[in-house]
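Coordinate inspection notes
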There are 2 protein chains.
Amino acid sequence: MKQVSIALLGCGTVGKGVIDVLLMNGPIIEEQLNTKITVKRVLVRDINKYEQMNLPSAILFTNNFQDIIDDEEISLVVEVMGSADFAKECIEECFKRGKSVVSANKDLIADYGIPLLKLSKEKQVDFQFEASVAGGIPIVRAMYASLNGNKIDEIIGIMNGTTNYILTQMTCRGITYEEALREAQVKGYAEADPTNDVSGYDAARKIAILGTLGFHSEVTFRDVQVEGIEKITAEDIRNALEMGYVIKLLAIARQDKEGISLNVHPGFIRKTHPLANVADAYNGICVRGNCVGDVMFYGAGAGSLPTASAVVSDIMNVVLHEHIGVTGQRDFVSHEAKLKPQASICSPYYLRLLVQNTTGVLAGIATVLATYHISIRSLIQKDETADIAEVVLLIDQSSHCVVQKALKELSELTCVHTIANAIRVIEV
Amino acid sequence: MKQVSIALLGCGTVGKGVIDVLLMNGPIIEEQLNTKITVKRVLVRDINKYEQMNLPSAILFTNNFQDIIDDEEISLVVEVMGSADFAKECIEECFKRGKSVVSANKDLIADYGIPLLKLSKEKQVDFQFEASVAGGIPIVRAMYASLNGNKIDEIIGIMNGTTNYILTQMTCRGITYEEALREAQVKGYAEADPTNDVSGYDAARKIAILGTLGFHSEVTFRDVQVEGIEKITAEDIRNALEMGYVIKLLAIARQDKEGISLNVHPGFIRKTHPLANVADAYNGICVRGNCVGDVMFYGAGAGSLPTASAVVSDIMNVVLHEHIGVTGQRDFVSHEAKLKPQASICSPYYLRLLVQNTTGVLAGIATVLATYHISIRSLIQKDETADIAEVVLLIDQSSHCVVQKALKELSELTCVHTIANAIRVIEV
């Protein structure tokens, strides 16, 4: 049996998972590859910490990347550190020294994926990154190797487990955002500083990667318009349910004649849509191609073993590529991306206004909307006895820009107390 | 730009779709491969029929396979004929002459997949078959290239669009099997002779393919225990709904210590399970791996363009393999399959009995079940005024063999008029 020695950069949740999977499923992996894969070296900050963990004693821990790059026996480096810049330097060094790389690092791929792919091609080494989007769900390879005969029109997904857990708890149990966030933190789904998840930045990186693959155009995190779930209230969730919708944090990449748009924002989605049933920390991604129609992928988008499942499949493919004598790297096309102006993106909206409970309020609101040629699909005024009443509207397809102007004008009406929320309705 | 000439064997729904996709998405395909793919020759039975269709005039139609095999310019042959034996001969001939093959033919792959993969490896050519399972859903490549680091415990899916359409209509509208079948025939979802679909043979071929890939063991159509949906009545569907379930035709491959089991049968599945929401002619497949957990794939399992989407991705991968200098073929491991005896497969069951509306009936039934150590989860006797009453039971985990014996003894009770149905309950 052949032998391949690999190194890990990082030994956190994912790195530890990779070591576990290679041990646990060693026989299955070996018989497919006729190769034994051994983790020889692992780069960590604090060596002492890991030497006390129950990991195979043959693993050499180091805090010096040079030990790994200089080891000629290591032909494959697995980067599972997170954070972009140091990882990028390490990976470039690996490529230059003829080592292939597998990365699970979405920050890195979202920012530097295409330049790194180009460098790996130039250096005739492999670069794989299945785990960088949606953990164990095999969406990355599907985009470039299975749906590649399609013109991709739309990618829409729930790509962040933390926010999906929070919204699911709010939906099922009627609790507030703050209560659900606290629970998620207790259960380990959300970090102490939850910003990266709840503000949508994590999902934005993933949709940038899928957009790049789907549209063959280089888009990055900075091209994504991001809006988080912090403003979603129990009232919004309840109103959505009453109207036949659930609220999800959606990452959306679309391409039409005007260009590419990339958005992360909370959205109303019909209860009957397959994505509506993606609950808790699970992820779900729908891809619409001009031949295949809608294809959906569902599974665990994070976690040690699910993410390691994707990393190990990449490791296996790199090893296999060596065996079947691959001499070149797939060419990832990347055009200059033509971005569509956000202001022109249209969708229906849910609006929740808090208004003075006086006569003429609805007339005032309707008049403003009519000025902007916004038609009202439905309007519910809740039977409030208090001074402040709630008005819930569903308005027809309107551009972001027009809605913003109308909201500004509405907020200036004396009868309007607060624009509590404006959430896009996704019609898929 | 490079040029690749291909031939199609067959020009039915899928073959026509392949021609359409290559034309429609030509620019996207060309820029990814830096290659123009041209359909040069097409094998058909009746040349005149196709020459009158609105297909690119450069295509040469022939009814003689020799024209294709002798054409040195053709390096890739796409087999979209259906039926196994003639297709197998043609493909073997292609391999021997150094031509790679893409096949969408589930009958062929289910029966001869592994021997053909071995031959293709021996002859150093490519053999791809993504479209042979679930049309446009990228499940085949996911099994061997993305989930390959997992020990696969279970594959469970809705893999036949015709039966899913029929069951969906029965569920949503309360119509009978016969009415739904007739509708499916009128809409073109079911053939005049629907046996292959409704009896489960089509799904059996697909689960044999996925089982082979997932368990690295050669299993064929003949290893699948098959039961169709012909006996499902409107009453069964209504009872299922009342108990929180829907009925789906499920294709199930499982592997445990006792071996592999392959089954196609109608099953009760909880309304909240993702597969329960796979409606109409759509397909859905859940794969459970020991690292990744549950992953689900959903999409159009048939149809001209969705299936062609998978075929074209295979064509592109074969062309790409040539470009990136692949000199070998992936090694598909195949052990001798150790099959688990069907009699020992356990599941809960739904039983529907028609009984004489007399006293002592329930006691009689319960006594027989107790004799076989079968415990009753729930029992509903419908308040019937007629002579014949309906008794609906959910029984706990019991082996197929024991349930069959108990049913035989129940049918011999004088108070039992008919065993109307016994349907397995799938707990996933």
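Rules and cut-offs
Residues numbered from 1 in each chain as written. Chains lettered and ligands numbered in written order. Predicted model: local features only at pLDDT ≥ 70, side-chain atom pairs only at ≥ 80, totals over all residues. Heavy atoms only, no water. UniProt positions renumbered as here; feature names shortened; annotations may be inferred. Helix = DSSP H or I, 4+ residues; strand = E, 2+ residues; numbered from the N terminus. Rg over C-alpha atoms; globule rule 2.2 N^0.38 Å. Buried < 20%, exposed > 50% of the residue type's maximum accessible area, 1.4 Å probe, protein only. Contact = heavy atoms within 4.5 Å. Areas by Shrake-Rupley, 256 points an atom, 1.4 Å probe, with all protein chains shown as cover. Lys, Arg positive; Asp, Glu negative; His and termini not counted. Charge placed at Lys NZ, Arg CZ, Asp CG, Glu CD. Least-squares fit on C-alpha atoms with pLDDT ≥ 70 in both. Axes fitted to C-alpha atoms, helices over the stretch in contact; angles between N-to-C directions. Parallel < 35°, antiparallel > 145°, perpendicular 65-115°, else oblique. Nonpolar A, V, L, I, M, F, W, Y, C, P; charged D, E, K, R; others polar. 1 Å grid on protein atoms, 1.4 Å probe; cavity = no way out; pocket = protein on both sides within 12 Å on 5 of 7 lines; lining within 4 Å. Points joined across faces, edges and corners; volume = space filled by probe spheres on them. Buried area = accessible area lost by both parts, 1.4 Å probe. Salt bridge = Lys/Arg side-chain N within 4 Å of Asp/Glu carboxyl O. Polar contact = N/O pair within 3.5 Å; in protein donor to acceptor, adjacent residues only side chain to side chain. Pairing = 2+ DSSP bridges. Patch = residues over 30% accessible without salt bridge, like charges linked within 9 Å, V, L, I, M, F, W, Y side chains within 5 Å. Left-handed = near helix turned anticlockwise from the far one by under 90°. Core = buried A, V, L, I, M, F, W, Y, C linked by side-chain atoms within 4.5 Å. Expected span 1.5 Å × (residues − 1). Right-handed = clockwise from strand over helix to strand, strands pointing away. Phe/Tyr/Trp six-rings, centres within 6.5 Å; stacked < 30°, edge-to-face > 60°. Lys NZ or Arg CZ within 6 Å of the ring centre and 35° of its normal.

Looking at an unreviewed UniProt entry, one finds chain A named Homoserine dehydrogenase and attributed to Megasphaera lornae. In UniProt, chain A has this text filed under Catalytic activity (unreviewed entry): "L-homoserine + NADP(+) = L-aspartate 4-semialdehyde + NADPH + H(+)".

When you go through chain A residue by residue, the secondary structure sums to 15 helices and 18 strands. Compactness check: chain A gives a C-alpha radius of gyration of 24 Å against a globular reference of 22 Å for 428 residues, within 12% of the reference. Considered along the principal axes of its C-alpha atoms, chain A spans approximately 80 × 45 × 35 Å. Evaluated residue by residue, chain A yields a buried proportion of 59% over its 428 residues. Partitioning the contacts of chain A with sequence separation of at least 6, the portion at a separation of at least 24 is 74%. Carbon and sulfur atoms make up 49% of the accessible area of chain A, which totals about 16,500 Å². Separation between the mean location of the 40 positive side-chain charges and that of the 52 negative ones in chain A comes to 3 Å.

On to the relation of the copies chain A and chain B. Once turned by 180° and shifted 0.0 Å along the axis, chain A lies on chain B with an RMSD of 0.0 Å. When the rotation and shift are considered jointly, the pair of chain copies conforms to a two-fold rotation axis.

What follows covers the packing of helix α5 (residues 85-96) of chain B against helix α6 (residues 106-122) of chain B. Residue and element names in this part refer to chain B. Where α5 meets α6, the axes come as close as 11 Å, and the angle between the chain directions of the two elements is 10°. As judged from the angle between their axes, α5 and α6 are roughly parallel. Contacts between α5 and α6 involve D85, A87, K88, I91, E92 and F95 from the first element and L108, Y112, L116, L119 and S120 from the second. The class makeup of the residues in the contact of α5 with α6 is 7 nonpolar, 1 polar and 3 charged.

The next thing to look at is empty space enclosed by the protein. Under the criterion given, the structure shown has 13 cavities of 30 Å³ or more. If you go around the largest cavity, you meet 32 residues; those closest to its centre are H321(A), R330(A), N317(B), H321(B) and R330(B). When its residues are assigned to classes, the lining of the largest cavity shows 16 nonpolar, 10 polar and 6 charged. As for the second largest cavity, its lining consists of 15 residues, and the residues nearest its centre are Y144(A), H216(A), D331(A), F332(A) and Q32(B). Ranked by the residues each element gives to the lining of the second largest cavity, the list is headed by helix α13 (residues 304-323) of chain B, at 3 residues. Here the residues of the lining of the second largest cavity are counted per class, giving 8 nonpolar, 5 polar and 2 charged.

Contacts between chain A and chain B engage 50 residues on the former and 50 residues on the latter. In total, chain A and chain B occlude about 4,100 Å² of area from one another, counting both sides; carbon and sulfur atoms represent 55% of this. Joining chain A to chain B, the criterion identifies 0 salt bridges. At the junction of chain A and chain B, the tally comes to 24 residue pairs in polar contact (both at pLDDT 80 or more). Among the elements of the structure, α1 (13-24), α2 (26-33), α7 (139-146), β13 (293-300) and α13 (304-323) of chain A are those that each provide at least two residues to the side of chain A that touches chain B. Here the element with the most residues in the side of chain A that touches chain B is α13(A); it accounts for 8 residues. Grouping the amino acids of the side of chain A that touches chain B by side-chain chemistry returns 24 nonpolar, 19 polar and 7 charged. Two strands pair when backbone bridges link them, and β13(A) and strand β13 (residues 293-300) of chain B are joined in this way by 3 bridges, in the antiparallel orientation. Bridging across to β13(B), F297(A) finds its partner in F297(B).

Moving on, we get to the sheet that holds strand β4 (residues 74-79) of chain B. Pairing within the open sheet is parallel, and its 6 strands lie in the order β3-β2-β1-β4-β5-β6 (chain B). Both edges of this open sheet fall to β3 (60-62) and β6 (127-128) of chain B, since each of them pairs with a single strand only.

Moving on, we come to the environment of E178(B). Within the secondary structure, E178(B) is located in helix α9 (residues 177-186). Taking the C-alpha atoms as reference points, E178(B) and A234(B), 56 residues apart in sequence, are found 10.0 Å from one another.

Taken together, the side chains of L362(A), I376(A) and L379(A) make up a nonpolar region of the molecular surface, amounting to roughly 190 Å² of accessible area. Note that I376(A) resides in strand β16 (residues 376-381).

Next up on the list: the packing of helix α8 (residues 161-173) of chain A against helix α9 (residues 177-186) of chain A. Residue and element names in this part refer to chain A. Closest axis-to-axis distance for the α8/α9 pair is 9 Å, and the angle between their directions is 125°. By the angle between their directions, the pair α8 and α9 is classed as oblique. Relative to α9, the crossing made by α8 is right-handed. Contacts between α8 and α9 involve Y165, I166, Q169, M170 and R173 from the first element and Y177, A180, L181, E183 and A184 from the second. Each residue belonging to the contact of α8 with α9 can be placed in one class, and the counts come to 7 nonpolar, 1 polar and 2 charged.

Looking now at the nonpolar core. Among the nonpolar cores identified, the biggest contains 168 residues, and F127(A), I139(A), I155(A), F127(B), I139(B) and I155(B) are the most heavily contacted of them. When near neighbours in sequence (up to four residues on either side) are disregarded, F127(A) contacts I91(A), F95(A), V101(A), S103(A), L108(A), I109(A), G113(A), L116(A), L117(A), S120(A) and Q329(A). V39(A), V44(B), V311(B) and L320(B) belong to the second largest nonpolar core, which has 73 residues in total.

All names here are of chain B. The terminal C-alpha atoms of helix α11 (residues 201-215), which comprises 15 residues, lie 21 Å apart, in line with the 21 Å expected from a rise of 1.5 Å per residue. Counted residue by residue, α11 has 14 buried out of 15 residues, so it is predominantly covered. At the exit of α11 stands H216, carrying a positive phi of roughly 55°.

Quick look at the pairing of strand β5 (residues 100-103) of chain B now. All names here are of chain B. Residues S100 and V102 line one face of β5 and the alternating positions V101 and S103 line the opposite face, and both faces are buried. The pairing of β4 with β5 spans 4 bridges and is classified as parallel. Bridging across to β5, V77 finds its partner in V101. Each parallel crossover has a hand, and for β4 linked through α5 to β5 it is right-handed. Two strands pair when backbone bridges link them, and β5 and β6 are joined in this way by 2 bridges, in the parallel orientation.

All names here are of chain B. The element strand β1 (residues 2-9) is extensively covered by neighbouring structure, given that 6 of its 8 residues are classed as buried. Where β1 and strand β2 (residues 35-43) come together, 8 bridges link them in parallel fashion. Bridge pairing in β2 links Q3 to K36.

All names here are of chain A. Taken in spatial order, the 6 strands make up an open sheet running β3-β2-β1-β4-β5-β6, and their pairing is parallel. Unpaired on one side and paired on the other, β3 (60-62) and β6 (127-128) mark the two borders of the sheet. Strands β1 (2-9), β2 (35-43), β4 (74-79), β5 (100-103) and β6 of the sheet are contacted by helix α5 (residues 85-96), whose axis makes an angle of about 155° with β5.

A complete count under the given rule lists 21 aromatic pairs over all chains for this structure. Here F297(A) and F297(B) contribute two aromatic rings whose centre-to-centre distance is 5.8 Å and whose plane-to-plane angle is 70°, an arrangement assigned as edge-to-face. A residue pair is termed interchain when its members come from two chains, as with F297(A) in strand β13 and F297(B) in strand β13. What makes F297(A) buried here is its relative accessible area of 1%. The interplanar angle of 80° and the centroid separation of 5.1 Å between the aromatic rings of Y144(B) and F332(B) together place this pair among those described as edge-to-face. Highlighted residues: Y144(B) in helix α7 (residues 139-146) and F332(B) in the loop between α13 and β14 (335-336), separated in sequence by 188 residues. For F332(B), a relative accessible area of 14% puts it in the buried group. Following the ring pairs from residue to residue traces out a cluster consisting of F95(A), F127(A), F129(A), Y144(A) and F332(A). A cation over an aromatic ring shows up here: K88(B) above the ring of Y112(B), its NZ or CZ 4.8 Å from the ring centre. For the cation-ring pair, R205(B) lies above F221(B), with the distance from its terminal atom to the ring centre recorded as 4.0 Å.

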